[in-house]
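# Per-entry structural report
If you want the building blocks of each chain, they are given just below.
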2 protein chains.
Amino acid sequence: MLKISVKVQFSSILVSYLSCYIGAIIPITALYKQMANSFNSISGAKRSLHLHVAREIARAILSGELAQGSIIPSEMVLCEQFGISRTALREAVKLLTSKGLLQSRPKIGTRVVEKINWNFLDPQLIEWMEGLTDINDFCNQFLGFRRAIEPEACALAAQNATVEQRKELSSVFQKMSELNSAPELDIEAWIDIDIQFHRIIFFSTGNDFYLPFGNILTTMFEHFIAYSSEEGGTCFNEHRLIYEAIMIGDSTKARETSREHLQSINHRIKE
Amino acid sequence: MLKISVKVQFSSILVSYLSCYIGAIIPITALYKQMANSFNSISGAKRSLHLHVAREIARAILSGELAQGSIIPSEMVLCEQFGISRTALREAVKLLTSKGLLQSRPKIGTRVVEKINWNFLDPQLIEWMEGLTDINDFCNQFLGFRRAIEPEACALAAQNATVEQRKELSSVFQKMSELNSAPELDIEAWIDIDIQFHRIIFFSTGNDFYLPFGNILTTMFEHFIAYSSEEGGTCFNEHRLIYEAIMIGDSTKARETSREHLQSINHRIKE
DNA sequence: CCTTTGATAAATCATACAAATAAAATCAAG
DNA sequence: CTTGATTTTATTTGTATGATTTATCAAAGG
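Residues numbered from 1 in each chain as written. Chains lettered and ligands numbered in written order. Predicted model: local features only at pLDDT ≥ 70, side-chain atom pairs only at ≥ 80, totals over all residues. Heavy atoms only, no water.

Per an unreviewed UniProt entry, chain A goes by FadR family transcriptional regulator and derives from Shewanella electrodiphila.

### Description of the overall build of chain A
Within chain A, the secondary structure is distributed over twelve helices and five strands. Going through the 271 residues of chain A one by one, you find that 51% of them count as buried. When contacts within chain A are restricted to residue pairs at least 6 apart in sequence, those whose partners lie at least 24 apart make up 73%. Carbon and sulfur atoms make up 52% of the accessible area of chain A, which totals about 12,400 Å². (Helix = DSSP H or I, 4+ residues; strand = E, 2+ residues; numbered from the N terminus. Buried < 20%, exposed > 50% of the residue type's maximum accessible area, 1.4 Å probe, protein only. Contact = heavy atoms within 4.5 Å. Areas by Shrake-Rupley, 256 points an atom, 1.4 Å probe, with all protein chains shown as cover.)

### Remarks on the state of the cysteines
If you walk through the whole model with that rule in mind, you get zero disulfides over all chains. Counting only cysteine sulfurs, C154(A) is the nearest neighbor of C235(A), a cysteine outside any disulfide, at a range of 13 Å. (Disulfide = S-S within 2.5 Å.)

### Here we look at the confidence of the model for chain A
As a note on interpretation, predicted positions should not be read in detail where pLDDT is low. Looking at chain A as a whole, the pLDDT averages 82, with 78% of positions reaching at least 70. In the model, residues 1-46 of chain A has pLDDT below 50 throughout and makes 60 contacts with residues more than four positions away in sequence or in other chains. (pLDDT = per-residue confidence, 0-100.)

### Some details on the sheet that holds strand β3 (residues 109-112) of chain A
In any sheet, the strands associate via hydrogen bonds between backbone groups, in a parallel or an antiparallel arrangement. All names here are of chain A. Overall, antiparallel pairing links the three strands, which are arranged β1-β3-β2 in an open sheet. In the strand order of this sheet, the two ends are held by β1 (71-72) and β2 (102-105), each with one partner. Note that β2 and β3 share four bridges and pair antiparallel. If you follow S104 over to β3, its bridge partner there is T110. (Pairing = 2+ DSSP bridges.)

### Overview of the interface of chain B and chain A
Listed as interface residues are 40 residues of chain B and, on the opposing side, 40 residues of chain A. Buried area between chain B and chain A, both sides added, is near 3,700 Å², and the carbon and sulfur share of it is 60%. Contact with chain A buries surface across chain B, with I116(B), Q141(B) and F209(B) losing the most and accounting together for 19% of the total. Our count for the contact surface shared by chain B and chain A stands at four salt bridges. (Buried area = accessible area lost by both parts, 1.4 Å probe. Salt bridge = Lys/Arg side-chain N within 4 Å of Asp/Glu carboxyl O.)

### Description of the pattern of salt bridges
One pass over the full model with this rule turns up 18 salt bridges over all chains. A salt bridge links R90(A) to E75(A), with the nearest nitrogen and oxygen atoms 2.7 Å apart. You can see R90(A) sitting in helix α5 (residues 86-98) and its partner E75(A) sitting in helix α4 (residues 75-82), a full 15 residues away along the chain. Here K99(A) ties to D122(A) by a salt bridge, and the two come within 2.7 Å at their closest N and O atoms. Taken together, the residues K99(A) in the loop between α5 and β2 and D122(A) in the loop between β3 and α6 (123-128) connect sequence positions 23 residues apart. Residues joined in a network through salt bridges with shared partners are E75(A), R86(A), R90(A) and E91(B).

### Quick word on helix α9 (residues 187-203) of chain B
All names here are of chain B. The first and last C-alpha atoms of α9 sit 24 Å apart over 17 residues, in line with the 24 Å expected at 1.5 Å per residue. The buried fraction of α9 amounts to twelve of the 17 residues, a majority that puts the element mostly inside the structure. All of the buried residues along α9 are W190, I191, I193, D194, I195, F197, H198, R199, I200, I201, F202 and F203. (Expected span 1.5 Å × (residues − 1).)

### Details of the pairing of β3(A)
Across two bridges, the pairing between β1(A) and β3(A) is antiparallel. Paired with I72(A) across the bridge in β3(A) is T110(A).

### Topic: the sheet that holds strand β2 (residues 102-105) of chain B
Pairing in this open sheet of three strands is antiparallel, and the strands run β1-β3-β2 (chain B) from one edge to the other. Strands with a single pairing partner mark the edges of an open sheet, and in this sheet they are β1 (71-72) and β2 of chain B.

### Details of the packing of aromatic side chains
With the rule as written, the count across this model stands at 25 aromatic pairs over all chains. On the numbers, 5.6 Å between centres and 25° between planes, the contact of F145(A) with F209(B) is stacked. Residue F145(A) is found in helix α7 (residues 135-160), and its partner F209(B) is found in the loop between α9 and α10 (212-223); the two belong to separate chains. Just as F145(A) is buried, F209(B) falls in that class too. (Phe/Tyr/Trp six-rings, centres within 6.5 Å; stacked < 30°, edge-to-face > 60°.)

### Side note on α10(B)
What sets the pattern is the α-helix's 3.6 residues per turn: residues three or four places apart point alike. Taking 1.5 Å per residue, twelve residues should reach 16 Å; α10(B) reaches 17 Å between its end C-alpha atoms and fits that length. Counting buried positions along α10(B) yields eleven of twelve residues, so the element is predominantly enclosed. All of the buried residues in α10(B) are P212(B), F213(B), G214(B), N215(B), I216(B), L217(B), T218(B), T219(B), M220(B), F221(B) and H223(B). Looking at the buried residues of α10(B), the elements they touch are α7 and α10 (212-223) of chain A together with α6 (123-128), α7 (135-160), α9 and β4 (225-226) of chain B.

### So, unusual backbone geometry
Residue and element names in this part refer to chain A. A positive phi is found at K107, a non-glycine position, where the angle reads about 70°. Tracing the backbone shows K107 in the loop between β2 and β3. With a relative accessible area of 86%, K107 lands in the exposed category.

### A closer look at the relation of the copies chain B and chain A
Between the two copies of this chain, the relationship is a rotation about some axis together with a displacement along it. Screw-axis analysis of chain B against chain A gives a translation of 0.0 Å along the axis, an RMSD of 0.0 Å, and a rotation angle of 180°. When the rotation and shift are considered jointly, the pair of chain copies conforms to a two-fold rotation axis. The residues that chain B uses at the interface reappear at the interface of chain A in 100% of cases, marking a shared surface. (Least-squares fit on C-alpha atoms with pLDDT ≥ 70 in both.)

### Looking at the environment of H198(B)
All names here are of chain B. Looking at the secondary structure, you find H198 in helix α9. Overall, H198 belongs to the buried group, its relative accessible area being 3%. Sequence separation between H198 and L169 is 29 residues; the distance between their C-alpha atoms is 9.2 Å. For H198, the contacting residues outside a window of four places in its chain are R146, E150, L217, H239 and H261.

### Considerations on the packing of α7(A) against α7(B)
Interaxial distance between α7(A) and α7(B) falls to 9 Å at its minimum, and their mutual angle equals 150°. Compared by their axis directions, α7(A) and α7(B) come out roughly antiparallel. Both α7(A) and α7(B) take part in a crossing whose hand is right-handed. In this structure, α7(A) uses G144(A), F145(A), R147(A), A148(A), I149(A), E152(A) and L156(A) to contact α7(B), whose residues at the interface are G144(B), F145(B), R147(B), A148(B), I149(B), E152(B) and L156(B). Of the residues in the contact of α7(A) with α7(B), the class split is eight nonpolar, two polar and four charged. (Axes fitted to C-alpha atoms, helices over the stretch in contact; angles between N-to-C directions. Parallel < 35°, antiparallel > 145°, perpendicular 65-115°, else oblique. Left-handed = near helix turned anticlockwise from the far one by under 90°. Nonpolar A, V, L, I, M, F, W, Y, C, P; charged D, E, K, R; others polar.)

### With respect to the side chain of T219(B)
Note that T219(B) resides in helix α10. Beyond its immediate sequence surroundings of up to four residues, T219(B) is in contact with P123(B), I126(B), E127(B) and F224(B).

See the structure below:
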């Protein structure tokens, strides 16, 4: 713990933010250690101190409480407020710098970068948005994005998937088929296998730029998108069409079926 | 500088890597400070020590010298090899962890994550690939990726661009037109304005998920893709068609013209 | 087979010093 | 006295280092 005298004047923004999310009076270290276990299970994101702090700062940025272009409080001030060492804080800042949220220079301080430069395609960043945006709008934007990516990915997969990948896709589809024919839909299992289905397609494109979308899709499904049982049922046929097109290597058909699939679905929102 | 005695046995992989890229004998700190100025101008990436180290480690991973799933040498060993403090090394590792390249746990060490989880859509990561991949293949993959993203982005921009964004696009197109009608094509200026043209389109989609592609495209153009003068000429008409479609809000036409543009181009490779 | 214990590597803390630079203070020329 | 250039100073991030804590594997012991 730092021993310098407390400066009374500091960013009112972050203070209000802190009191909102953590409570500014109790030293965060104690509070954190107290909560560590209960939080661990929720998202697995609080294992390390710097990650916890990074998340808090990121959410302050994403929510707009720390305005774009503004200078956040200096390292010393933040260390006090979070009750952590400079090492931990700096690692948190480095993490956010890497994602395009912050940028720091000597004497100037650490600045919140313009939204234009935020790396929205980072799964961790997407996770951190939970509860900060209008989920409905967010999911619709994501859908508008999937409509660009997935049809092309399916077309490429139909063309480039290796034998092993086709086998894997086949076995996943098999499980999908079993789940679908069961008397009652096991939603948990369906979500899991649905994610796997789409992941394999991205990995089968033979194009490195499509790889990250497997994780992005997974994050979105696990944090923002919910299923209804009817939907799972109706979706199966569409998945079958995509599957068949990829397996026979018909890229045009794969693109078409995927496009139709994405036109028909309407993401259900969590909670 | 660490004062512990040098352990003779360490990862031969990283050693060979080091001797290859930096030279293992001279302390890196000195060497780095010597090179700092000359490097600064090249990419601006060497300003800080941890960033420099992060880049080196990242390139060792991207090139495959540090195998996926393998454990990299411990902090102490790496500190010695790079001649830096643990602080700097840890910040470098945090940076790479944030990009999905590394993951570290107590007692285990720091592991290279599977390629599946690498964040290929991070501009910095793309920058670091310079010289490590077959550029031709890399650019073709990128083209296969643009073919998915850009037509949709153009369609969305036609639909959602604000008045200010349309004005901005218009002014950029104006400059494009001037450059095109000049007796001799100013390639530098054309690249610059071409990048701006596409950036504005991404920013005009009204969809946050498209925002990162502005920077990705910029990075690719600046580091991997070269222009020939004839190409700039033939491209102008295609840009005009896209521009007009967006300005009149015809999303279908915007999608089509963009698609045609991407079908016709054949990325020229740098050098 | 299960539990305990020890060794090890990362995680965090605390402190010191270096480097960069914005802003203030100083100096020089008109 | 004013103005512009220059130097100095103060502040903030950057780097280094050693101590301490925590998590986890692995081996010893019940």
